[in-house]
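Residues per chain, in single letters:
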Amino acid sequence: MFGKKKAPPRTCPEGHPQEESWEQCPFCAAERAAGATGPSESGVRDLSDPAPSGDPGRGAVVVKRKASAGRPLAGWVVALNGEQEGTDFRLKTGRNILGKGAKCDIVLRDAYVSERHAVLECPATEGAYVLEDLGSRHGTYLEDEPIEQGTGRRIPDGSRIRLGHTELFFRSFEGGARPGAGSD
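Since the model is a prediction, treat every value here as computed from it, not as a measurement. (Residues numbered from 1 in each chain as written. Predicted model: local features only at pLDDT ≥ 70, side-chain atom pairs only at ≥ 80, totals over all residues. Heavy atoms only, no water.)

Right, let's talk about the overall build of the chain for a bit. What the chain contains, in helices and strands, is 2 helices and 12 strands. For the chain, with 184 residues in total, the buried portion stands at 41%. Here the analysis covers contacts within the chain between residues at least 6 apart in sequence; of these, 40% occur between residues at least 24 apart. Carbon and sulfur atoms make up 49% of the accessible area of the chain, which amounts to about 10,600 Å² in all. (Helix = DSSP H or I, 4+ residues; strand = E, 2+ residues; numbered from the N terminus. Buried < 20%, exposed > 50% of the residue type's maximum accessible area, 1.4 Å probe, protein only. Contact = heavy atoms within 4.5 Å. Areas by Shrake-Rupley, 256 points an atom, 1.4 Å probe, with all protein chains shown as cover.)

Put into structure tokens, the structure is as follows:
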């Protein structure tokens, strides 16, 4: 009221919120990498669409499996709450770093998420998907069970993951969520 007016939040030319330390917009980069040609390509789904049976409280998500930046897609996670609710984040084979840092593979906008919070390892062929905490301050949880730093935990298809206050629903292509497969 009597102090200085707070500056409006920094945004990129497309209107995405930005942190001061970011040199480029990770959201624009993700859209460019995905082709930004529609919901199945950009990874964003309209939550006003009716939700058919399948994922708990969510509509069926169709993700085309294609090579991206040299690594094929292995699955995805969907934000179930918070500012990014309904956003689908693609997982590539190999290590996927989750956090709020601009250099993470999956950038989450949550004050309780560390710069480099967790890693989700996705196999190139059949094998276990593994989640590991990277020493985050507020912890990484699989189905409400904490994951200790340095100990990876296998994550089954359909699991719920929590980083900070953000809850994610995990789907793997190996768990029956094959590209182009219709919902029952």
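From this point, the narrative continues.
The next point concerns the confidence of the model for the chain. The pLDDT averaged across the chain works out to 75; a share of 64% of its residues lies at or above 70. Ranking the helices and strands of the chain by mean pLDDT puts strand β11 (residues 160-163) first, with 97, and helix α2 (residues 39-42) last, with 37. pLDDT under 50 marks residues 36-68. Its contacts with residues more than four places away, or in other chains, come to 65 contacts. Per-residue pLDDT stays below 50 along residues 176-184; that stretch engages in 12 contacts with residues further than four places along the chain or on separate chains. (pLDDT = per-residue confidence, 0-100.)

Our next topic: the packing of aromatic side chains. Counted according to the given criterion, the structure contains 1 aromatic pair. Sitting over the face of the ring of Tyr141, Arg162 holds its NZ or CZ atom 4.1 Å from the ring centroid. (Phe/Tyr/Trp six-rings, centres within 6.5 Å; stacked < 30°, edge-to-face > 60°. Lys NZ or Arg CZ within 6 Å of the ring centre and 35° of its normal.)

Positive phi is not limited to glycine here, since Glu143 has a value of about 50°. Mapped onto the secondary structure, Glu143 falls in the loop between β8 (140-142) and β9 (145-147). The phi angle at Asp144 is positive, at roughly 70°, despite the residue not being glycine. Positionally, Asp144 belongs in the loop between β8 and β9. A relative accessible area of 61% means that Asp144 is categorised as exposed.

Let's shift gears to the pairing of strand β6 (residues 118-122). Across the 5 residues that make up β6, a large majority, 4, are buried. Across 5 bridges, strand β4 (residues 94-99) lies against β6 in antiparallel orientation. Bridge pairing links Gly94 to Cys122 in β6. (Pairing = 2+ DSSP bridges.)

Tracing the sequence through the fold places Asp133 in strand β7 (residues 130-133). Among buried Asp, Glu, Lys and Arg side chains, Asp133 stands out as unpaired, with Arg162 the closest opposite charge at 10 Å. Polar contacts involving the side chain of Asp133 include one to the side chain of Thr140, which spans 2.5 Å. Excluding anything up to four places from it in sequence, Asp133 contacts His117, Ala118, Gly139, Thr140, Ile147, Glu148, Gln149 and Gly150. (Lys, Arg positive; Asp, Glu negative; His and termini not counted. Salt bridge = Lys/Arg side-chain N within 4 Å of Asp/Glu carboxyl O. Polar contact = N/O pair within 3.5 Å; in protein donor to acceptor, adjacent residues only side chain to side chain.)

What follows concerns the sheet that holds strand β10 (residues 153-154). Within the open sheet, the 5 strands sit side by side as β5-β4-β6-β7-β10. Their pairing is mixed. Looking at strand neighbours, the two that pair on one side only are β5 (106-107) and β10, the edges of this open sheet. Of the strand pairs in this sheet, β4 and β5 are connected by 2 bridges, and their pairing is parallel. Among the inter-strand pairings, Gly99 is bridged to a residue of β5, identified as Val107.

For the rest of this paragraph, the subject is the pairing of strand β2 (residues 71-79). Burial analysis of β2 places 7 of its 9 residues in the buried class, the great majority of the element. In the sheet, β2 pairs with strand β3 (residues 88-92) via 5 bridges, with the strands oriented antiparallel. Within β3, the residue paired with Leu73 across the bridge is Lys92. Examined bridge by bridge, β2 and strand β12 (residues 166-172) share 5 bridges and lie antiparallel to one another.

Here we take up the pattern of salt bridges. Within the structure shown, the criterion is met by 4 salt bridges. For Glu83, the salt bridge is made with Arg109, and the minimal N-O distance between the two is 2.8 Å. Highlighted residues: Glu83 in the loop between β2 and β3 and Arg109 in the loop between β5 and β6, separated in sequence by 26 residues. Look at Glu83 and you get exposed, because its relative accessible area is 54%. We classify Arg109 as partly exposed; its relative accessible area is 27%. With its nearest N and O atoms 3.9 Å apart, the salt bridge here joins Arg162 to Asp144. In this pair, Arg162 sits in strand β11 while Asp144 sits in the loop between β8 and β9, placing the two residues 18 residues apart along the sequence. Overall, Arg162 belongs to the partly exposed group, its relative accessible area being 27%.

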